[in-house]
Amino acid sequence: VGRGAPPSGPKEHQPKEMGGTLGNLLLIAWSHWILYYLWYCLVHNDAKLRDPLFDGRELWLDMRAAISEHARPTAFAVAFY
């Protein structure tokens, strides 16, 4: 005594929001990177943006050193996150 026939045929494929798991992981990584990049440019580069593609390895090494020295997350922040 059902209320009609069950749907026939294949189910419609629903696209995943924001790219699914991979899209969300990339968004999390990018959101952290962009904040560190903007902080680095503001504090260590006289508020001038640097081109990550042009400056390449030098920028990444400078950023890593600055983050390690001045903006490294504490153990509490890592555990909390």
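Residues numbered from 1 in each chain as written. Predicted model: local features only at pLDDT ≥ 70, side-chain atom pairs only at ≥ 80, totals over all residues. Heavy atoms only, no water.

Trainee: In this structure, what is going on with the pattern of salt bridges? I would like to understand it.
Mentor: Pairs may arise between side chains of opposite charge once their charged atoms sit close together. Within this structure, the stated rule accounts for 3 salt bridges. The salt bridge involving Asp55 is made with Arg50; its shortest N-O contact spans 3.0 Å. Given the relative accessible area of 12%, Arg50 is considered buried. For Glu58, the salt bridge identified is with Arg50, shortest N-O distance 3.6 Å. (Salt bridge = Lys/Arg side-chain N within 4 Å of Asp/Glu carboxyl O. Buried < 20%, exposed > 50% of the residue type's maximum accessible area, 1.4 Å probe, protein only.)

Trainee: Even after reading the chapter, I still don't get helix H1 (residues 20–44), so can you show me in this structure?
Mentor: In an α-helix there are 3.6 residues to a turn, and that puts residues three or four apart on one side. The end-to-end C-alpha distance of H1 is 36 Å, a good match for the 36 Å that 25 residues give at a rise of 1.5 Å each. Of all the positions in H1, only Gly20, Ile34, Tyr37, Tyr40 and Cys41 are classed as buried. As for H1, its buried residues are in contact with helix H2 (52–71). (Helix = DSSP H or I, 4+ residues; strand = E, 2+ residues; numbered from the N terminus. Expected span 1.5 Å × (residues − 1). Contact = heavy atoms within 4.5 Å.)

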